[in-house]
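# Geometric and topological summary
Listed below, chain by chain, are the residues.
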Amino acid sequence: MINPSINSKQSNPPVALVTGCGRRLGLFIAKQLLQQGYRVLGHYRSRSAELEQLERDGAELFQADFTQPAQINALSEWVNERCSMLSLLLHNASAFAETASTAKEMATQFTEFYHVHMLAPALLTEQLKALLVKADNPSIVAITDIYIHHPNPALATYCATKAGLDNLCQSYARSLAPQIRVNTIEPGPIMFLDSHDDEYKQRILAKTPLAQEGGFEPIWQALAMLIANRYMTGSRIQVDGGRSVAEL
Ligand SMILES: NC(=O)c1ccc[n+]([C@@H]2O[C@H](COP(=O)([O-])OP(=O)(O)OC[C@H]3O[C@@H](n4cnc5c(N)ncnc54)[C@H](OP(=O)(O)O)[C@@H]3O)[C@@H](O)[C@H]2O)c1
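Thresholds, definitions, all that
Residues numbered from 1 in each chain as written. Predicted model: local features only at pLDDT ≥ 70, side-chain atom pairs only at ≥ 80, totals over all residues. Heavy atoms only, no water. UniProt positions renumbered as here; feature names shortened; annotations may be inferred. Near = heavy atom within 4 Å. Polar contact = N/O pair within 3.5 Å; in protein donor to acceptor, adjacent residues only side chain to side chain. Areas by Shrake-Rupley, 256 points an atom, 1.4 Å probe, with all protein chains shown as cover. Helix = DSSP H or I, 4+ residues; strand = E, 2+ residues; numbered from the N terminus. Nonpolar A, V, L, I, M, F, W, Y, C, P; charged D, E, K, R; others polar. Axes fitted to C-alpha atoms, helices over the stretch in contact; angles between N-to-C directions. Parallel < 35°, antiparallel > 145°, perpendicular 65-115°, else oblique. Left-handed = near helix turned anticlockwise from the far one by under 90°. Contact = heavy atoms within 4.5 Å. Core = buried A, V, L, I, M, F, W, Y, C linked by side-chain atoms within 4.5 Å. Buried < 20%, exposed > 50% of the residue type's maximum accessible area, 1.4 Å probe, protein only.

Identification of the protein chain as Dihydromonapterin reductase from Corallincola holothuriorum is taken from an unreviewed UniProt entry. UniProt, in its Function (unreviewed entry) section for the protein chain, records the words "Catalyzes the reduction of dihydromonapterin to tetrahydromonapterin. Also has lower activity with dihydrofolate." The UniProt entry for the protein chain carries this comment under Sequence similarities (unreviewed entry): "Belongs to the short-chain dehydrogenases/reductases (SDR) family. FolM subfamily."

Given below as C-alpha coordinates:
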(Lines give C-alpha, C1' and ligand atoms only; values in the text may rest on other atoms or scores of the structure.)
Protein backbone atom coordinates (compact mmCIF):
# COMPACT_ATOMS: atom_id res chain seq x y z
CA MET A 1 0.00 0.00 0.00
CA ILE A 2 1.35 3.39 -0.96
CA ASN A 3 1.53 5.60 2.07
CA PRO A 4 -0.01 8.90 1.02
CA SER A 5 0.86 10.56 4.20
CA ILE A 6 3.61 12.37 5.52
CA ASN A 7 6.63 14.08 4.12
CA SER A 8 9.26 13.63 6.83
CA LYS A 9 10.44 17.23 6.30
CA GLN A 10 6.97 18.57 7.11
CA SER A 11 6.66 19.72 10.71
CA ASN A 12 2.87 20.00 10.80
CA PRO A 13 0.50 17.24 9.69
CA PRO A 14 -0.89 17.66 6.18
CA VAL A 15 -4.45 18.98 6.08
CA ALA A 16 -7.25 17.45 4.01
CA LEU A 17 -10.75 18.74 3.32
CA VAL A 18 -13.25 15.96 2.55
CA THR A 19 -16.72 16.95 1.37
CA GLY A 20 -19.69 14.72 2.19
CA CYS A 21 -17.92 12.93 5.04
CA GLY A 22 -21.08 12.08 6.98
CA ARG A 23 -21.55 8.58 5.62
CA ARG A 24 -20.35 5.81 3.33
CA LEU A 25 -17.30 6.64 1.15
CA GLY A 26 -16.62 10.12 2.54
CA LEU A 27 -16.72 8.80 6.10
CA PHE A 28 -14.45 5.87 5.21
CA ILE A 29 -11.88 8.14 3.56
CA ALA A 30 -11.94 10.66 6.41
CA LYS A 31 -11.13 7.80 8.83
CA GLN A 32 -8.31 6.54 6.60
CA LEU A 33 -6.78 10.01 6.38
CA LEU A 34 -6.91 10.40 10.17
CA GLN A 35 -5.17 7.03 10.54
CA GLN A 36 -2.45 8.21 8.13
CA GLY A 37 -1.77 11.23 10.33
CA TYR A 38 -3.72 13.85 8.41
CA ARG A 39 -5.51 16.69 10.05
CA VAL A 40 -9.00 16.18 8.61
CA LEU A 41 -11.43 18.99 8.00
CA GLY A 42 -14.71 17.34 7.18
CA HIS A 43 -17.75 18.79 5.51
CA TYR A 44 -21.19 17.24 6.08
CA ARG A 45 -24.81 18.13 5.38
CA SER A 46 -26.73 15.88 7.79
CA ARG A 47 -25.52 15.19 11.29
CA SER A 48 -25.08 11.47 12.06
CA ALA A 49 -23.93 9.29 14.95
CA GLU A 50 -20.87 8.36 12.88
CA LEU A 51 -19.89 12.04 12.80
CA GLU A 52 -19.86 12.20 16.61
CA GLN A 53 -17.28 9.41 16.59
CA LEU A 54 -15.29 11.01 13.75
CA GLU A 55 -15.11 14.20 15.77
CA ARG A 56 -13.91 12.26 18.83
CA ASP A 57 -11.24 10.72 16.57
CA GLY A 58 -9.97 14.20 15.77
CA ALA A 59 -11.81 15.45 12.68
CA GLU A 60 -12.98 19.06 12.64
CA LEU A 61 -16.42 19.34 11.06
CA PHE A 62 -18.46 21.99 9.27
CA GLN A 63 -22.08 21.75 8.10
CA ALA A 64 -23.10 23.13 4.71
CA ASP A 65 -25.84 22.51 2.19
CA PHE A 66 -24.23 22.96 -1.22
CA THR A 67 -27.51 23.99 -2.83
CA GLN A 68 -26.93 27.29 -0.98
CA PRO A 69 -23.87 29.11 -2.44
CA ALA A 70 -23.58 31.22 0.72
CA GLN A 71 -23.00 28.00 2.69
CA ILE A 72 -20.29 26.90 0.22
CA ASN A 73 -18.58 30.25 0.74
CA ALA A 74 -18.92 29.85 4.51
CA LEU A 75 -17.17 26.46 4.31
CA SER A 76 -14.25 28.04 2.41
CA GLU A 77 -14.00 30.84 4.96
CA TRP A 78 -14.00 28.32 7.81
CA VAL A 79 -11.16 26.36 6.16
CA ASN A 80 -9.19 29.56 5.47
CA GLU A 81 -9.54 30.61 9.11
CA ARG A 82 -8.43 27.23 10.45
CA CYS A 83 -5.31 26.42 8.49
CA SER A 84 -2.46 28.07 6.64
CA MET A 85 -2.03 25.36 4.00
CA LEU A 86 -4.06 22.53 2.51
CA SER A 87 -2.62 19.33 1.03
CA LEU A 88 -5.76 17.62 -0.25
CA LEU A 89 -9.16 18.84 -1.41
CA LEU A 90 -11.46 15.88 -2.01
CA HIS A 91 -14.70 16.59 -3.86
CA ASN A 92 -16.80 13.61 -2.76
CA ALA A 93 -20.26 15.05 -1.94
CA SER A 94 -22.85 13.93 -4.42
CA ALA A 95 -26.56 14.02 -5.15
CA PHE A 96 -28.14 10.92 -6.67
CA ALA A 97 -31.62 10.25 -8.00
CA GLU A 98 -33.34 8.92 -11.08
CA THR A 99 -34.09 11.43 -13.82
CA ALA A 100 -37.04 13.63 -12.89
CA SER A 101 -40.20 12.86 -14.81
CA THR A 102 -41.64 16.35 -15.40
CA ALA A 103 -40.03 19.52 -16.71
CA LYS A 104 -40.75 21.33 -13.45
CA GLU A 105 -39.15 18.58 -11.36
CA MET A 106 -36.25 18.42 -13.76
CA ALA A 107 -35.55 22.15 -13.31
CA THR A 108 -35.37 21.63 -9.55
CA GLN A 109 -33.21 18.53 -9.91
CA PHE A 110 -30.82 20.19 -12.35
CA THR A 111 -30.37 23.13 -10.02
CA GLU A 112 -29.60 20.86 -7.08
CA PHE A 113 -27.25 18.52 -8.97
CA TYR A 114 -25.48 21.43 -10.67
CA HIS A 115 -24.85 23.06 -7.28
CA VAL A 116 -23.54 19.88 -5.63
CA HIS A 117 -21.52 18.41 -8.52
CA MET A 118 -20.23 21.54 -10.24
CA LEU A 119 -20.69 24.87 -8.46
CA ALA A 120 -19.52 23.68 -5.03
CA PRO A 121 -16.33 22.02 -6.38
CA ALA A 122 -15.62 25.10 -8.52
CA LEU A 123 -16.11 27.61 -5.69
CA LEU A 124 -14.16 25.51 -3.18
CA THR A 125 -11.33 25.12 -5.68
CA GLU A 126 -11.24 28.85 -6.40
CA GLN A 127 -11.45 29.83 -2.74
CA LEU A 128 -8.94 27.28 -1.45
CA LYS A 129 -6.29 27.23 -4.18
CA ALA A 130 -4.23 29.87 -2.36
CA LEU A 131 -4.03 27.48 0.63
CA LEU A 132 -3.25 24.50 -1.60
CA VAL A 133 -0.27 26.14 -3.29
CA LYS A 134 1.39 26.60 0.10
CA ALA A 135 1.51 22.84 0.79
CA ASP A 136 4.07 20.30 -0.40
CA ASN A 137 2.70 18.23 -3.34
CA PRO A 138 -0.90 19.47 -3.02
CA SER A 139 -3.70 17.89 -4.99
CA ILE A 140 -7.38 18.00 -5.72
CA VAL A 141 -9.29 14.78 -6.36
CA ALA A 142 -12.91 14.56 -7.47
CA ILE A 143 -15.02 11.43 -7.28
CA THR A 144 -17.00 11.18 -10.51
CA ASP A 145 -18.52 8.00 -12.00
CA ILE A 146 -17.95 5.60 -14.92
CA TYR A 147 -21.36 6.72 -16.19
CA ILE A 148 -19.90 10.04 -17.34
CA HIS A 149 -18.65 8.11 -20.40
CA HIS A 150 -21.77 5.95 -20.75
CA PRO A 151 -24.77 8.22 -20.27
CA ASN A 152 -27.78 6.47 -18.78
CA PRO A 153 -31.20 7.98 -19.55
CA ALA A 154 -32.51 6.81 -16.18
CA LEU A 155 -29.81 8.91 -14.49
CA ALA A 156 -29.48 11.69 -17.06
CA THR A 157 -29.21 14.65 -14.68
CA TYR A 158 -26.73 12.82 -12.43
CA CYS A 159 -24.57 11.70 -15.38
CA ALA A 160 -24.59 15.12 -17.06
CA THR A 161 -23.59 17.07 -13.97
CA LYS A 162 -20.95 14.51 -12.98
CA ALA A 163 -19.59 14.81 -16.53
CA GLY A 164 -19.52 18.56 -15.93
CA LEU A 165 -17.42 17.97 -12.82
CA ASP A 166 -15.05 15.82 -14.85
CA ASN A 167 -14.69 18.56 -17.47
CA LEU A 168 -14.11 21.17 -14.80
CA CYS A 169 -11.33 19.04 -13.30
CA GLN A 170 -9.66 18.71 -16.70
CA SER A 171 -9.64 22.52 -16.98
CA TYR A 172 -8.26 22.89 -13.47
CA ALA A 173 -5.56 20.29 -14.19
CA ARG A 174 -4.31 22.71 -16.84
CA SER A 175 -4.86 26.03 -15.12
CA LEU A 176 -3.54 25.03 -11.68
CA ALA A 177 -0.41 23.27 -12.99
CA PRO A 178 2.37 23.03 -12.08
CA GLN A 179 1.56 23.95 -8.46
CA ILE A 180 -1.58 21.88 -7.85
CA ARG A 181 -2.40 18.48 -9.38
CA VAL A 182 -6.03 17.66 -10.21
CA ASN A 183 -7.25 14.11 -10.84
CA THR A 184 -10.50 12.17 -10.75
CA ILE A 185 -11.59 8.71 -9.63
CA GLU A 186 -14.46 7.05 -11.48
CA PRO A 187 -16.11 4.41 -9.31
CA GLY A 188 -18.24 1.61 -10.63
CA PRO A 189 -20.53 -0.37 -8.32
CA ILE A 190 -18.58 0.09 -5.11
CA MET A 191 -21.51 0.03 -2.67
CA PHE A 192 -25.17 -0.50 -3.49
CA LEU A 193 -27.81 1.64 -1.86
CA ASP A 194 -30.26 0.18 0.67
CA SER A 195 -32.97 0.81 -1.91
CA HIS A 196 -31.37 -1.60 -4.43
CA ASP A 197 -33.07 -5.01 -4.39
CA ASP A 198 -31.38 -8.35 -5.03
CA GLU A 199 -32.57 -8.53 -8.61
CA TYR A 200 -30.95 -5.16 -9.37
CA LYS A 201 -27.70 -6.12 -7.62
CA GLN A 202 -27.43 -9.44 -9.49
CA ARG A 203 -28.13 -7.71 -12.80
CA ILE A 204 -25.33 -5.18 -12.22
CA LEU A 205 -22.86 -7.76 -10.92
CA ALA A 206 -23.57 -10.03 -13.90
CA LYS A 207 -22.32 -7.17 -16.08
CA THR A 208 -19.25 -6.50 -13.91
CA PRO A 209 -16.27 -8.66 -14.95
CA LEU A 210 -14.95 -8.94 -11.38
CA ALA A 211 -18.53 -9.84 -10.33
CA GLN A 212 -18.58 -8.24 -6.91
CA GLU A 213 -19.30 -4.98 -5.14
CA GLY A 214 -15.97 -3.20 -4.75
CA GLY A 215 -16.39 -1.66 -1.29
CA PHE A 216 -14.63 1.53 -0.26
CA GLU A 217 -11.08 0.20 0.18
CA PRO A 218 -10.27 0.15 -3.58
CA ILE A 219 -11.24 3.82 -3.86
CA TRP A 220 -8.98 4.64 -0.93
CA GLN A 221 -6.14 2.72 -2.62
CA ALA A 222 -6.59 4.78 -5.80
CA LEU A 223 -6.79 8.01 -3.81
CA ALA A 224 -3.64 7.17 -1.85
CA MET A 225 -1.78 6.59 -5.09
CA LEU A 226 -3.00 9.87 -6.58
CA ILE A 227 -1.98 11.77 -3.46
CA ALA A 228 1.52 10.29 -3.52
CA ASN A 229 2.24 10.29 -7.25
CA ARG A 230 3.81 13.64 -8.16
CA TYR A 231 3.65 13.08 -11.93
CA MET A 232 -0.10 12.62 -12.30
CA THR A 233 -2.48 15.41 -13.17
CA GLY A 234 -5.55 15.41 -15.41
CA SER A 235 -5.80 11.64 -14.92
CA ARG A 236 -9.00 9.69 -14.56
CA ILE A 237 -8.86 6.38 -12.75
CA GLN A 238 -11.65 3.88 -13.18
CA VAL A 239 -12.17 1.72 -10.10
CA ASP A 240 -15.07 -0.37 -11.24
CA GLY A 241 -14.34 -4.10 -11.30
CA GLY A 242 -14.08 -3.81 -15.08
CA ARG A 243 -17.66 -2.69 -15.45
CA SER A 244 -16.90 0.08 -17.94
CA VAL A 245 -15.39 -2.38 -20.43
CA ALA A 246 -18.52 -4.54 -20.27
CA GLU A 247 -21.93 -3.72 -21.66
CA LEU A 248 -23.61 -1.14 -19.42
N1 LIG B 1 -21.77 4.11 -4.19
C2 LIG B 1 -21.38 3.76 -5.42
O3 LIG B 1 -21.43 2.59 -5.79
C4 LIG B 1 -20.87 4.83 -6.36
C5 LIG B 1 -20.78 4.54 -7.73
C6 LIG B 1 -20.29 5.53 -8.58
C7 LIG B 1 -19.89 6.76 -8.07
N8 LIG B 1 -19.99 7.00 -6.73
C9 LIG B 1 -19.56 8.31 -6.23
O10 LIG B 1 -18.74 8.12 -5.09
C11 LIG B 1 -18.97 9.17 -4.14
C12 LIG B 1 -19.42 8.60 -2.80
O13 LIG B 1 -20.48 7.70 -3.00
P14 LIG B 1 -21.47 7.34 -1.79
O15 LIG B 1 -22.26 6.19 -2.27
O16 LIG B 1 -20.69 7.29 -0.54
O17 LIG B 1 -22.38 8.67 -1.82
P18 LIG B 1 -23.64 9.00 -0.87
O19 LIG B 1 -23.88 7.91 0.11
O20 LIG B 1 -24.75 9.39 -1.78
O21 LIG B 1 -23.11 10.28 -0.06
C22 LIG B 1 -23.05 11.51 -0.66
C23 LIG B 1 -22.64 12.56 0.34
O24 LIG B 1 -22.90 13.84 -0.27
C25 LIG B 1 -23.64 14.64 0.64
N26 LIG B 1 -24.56 15.54 -0.04
C27 LIG B 1 -25.62 15.23 -0.81
N28 LIG B 1 -26.29 16.34 -1.17
C29 LIG B 1 -25.64 17.39 -0.58
C30 LIG B 1 -25.86 18.79 -0.55
N31 LIG B 1 -26.91 19.37 -1.14
N32 LIG B 1 -24.99 19.56 0.14
C33 LIG B 1 -23.95 19.02 0.77
N34 LIG B 1 -23.68 17.69 0.79
C35 LIG B 1 -24.53 16.88 0.12
C36 LIG B 1 -24.44 13.64 1.47
O37 LIG B 1 -24.85 14.25 2.68
P38 LIG B 1 -26.15 13.70 3.49
O39 LIG B 1 -25.64 12.59 4.33
O40 LIG B 1 -26.64 14.89 4.24
O41 LIG B 1 -27.13 13.24 2.43
C42 LIG B 1 -23.43 12.51 1.64
O43 LIG B 1 -22.57 12.77 2.73
C44 LIG B 1 -20.04 10.09 -4.75
O45 LIG B 1 -19.40 11.17 -5.39
C46 LIG B 1 -20.71 9.18 -5.77
O47 LIG B 1 -21.27 9.90 -6.85
C48 LIG B 1 -20.47 6.08 -5.86
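This next bit is on the site of the ligand. Every one of the 25 residues lining the ligand counts as a neighbour, but Arg23, Arg24, Arg45, Ser46 and Lys162 are closest to it. One nitrogen or oxygen atom from the main chain of leucine 25 is found 3.1 Å from an oxygen atom belonging to the ligand. Between the ligand and the protein, one listed contact pairs an oxygen atom with a backbone N or O atom of isoleucine 190 at 3.1 Å. Bound to the protein, the ligand loses 92% of the 900 Å² it would expose on its own. Broken down by secondary-structure element, the contributors of at least two residues to the shell around the ligand are α1 (24–35) and α5 (156–175). Of the residues belonging to the shell around the ligand, the class tally is 11 nonpolar, eight polar and six charged.

To continue, consider the packing of helix α3 (residues 69–82) against helix α4 (residues 103–132). Running from amino to carboxyl end, α3 crosses α4 at an angle of 30°, the nearest separation of the two axes being 10 Å. Taken together, the axes of α3 and α4 are roughly parallel relative to one another. Read as a crossing pair, α3 and α4 show a hand that is right-handed. Touching Pro69, Ile72, Asn73, Leu75, Ser76, Val79 and Asn80 of α3 are His115, Leu119, Ala120, Leu123, Leu124, Gln127, Leu128 and Leu131, all from α4. Of the residues assigned to the contact of α3 with α4, the class counts are 10 nonpolar, five polar and no charged.

Ranked by internal contacts, the top residues of the largest apolar core, which has 37 residues, are Leu17, Phe66, Leu75, Val79, Leu86, Leu89 and Leu128. Counting residues per element, this core draws most heavily on α4, which supplies eight residues. When residues no more than four places from it in sequence are discounted, the contact partners of leucine 128 are Leu17, Ser76, Val79, Asn80, Leu86 and Leu89. If you look at the next biggest cluster of nonpolar residues, it comprises 33 residues, including Cys21, Leu25, Ala59 and Ala222.

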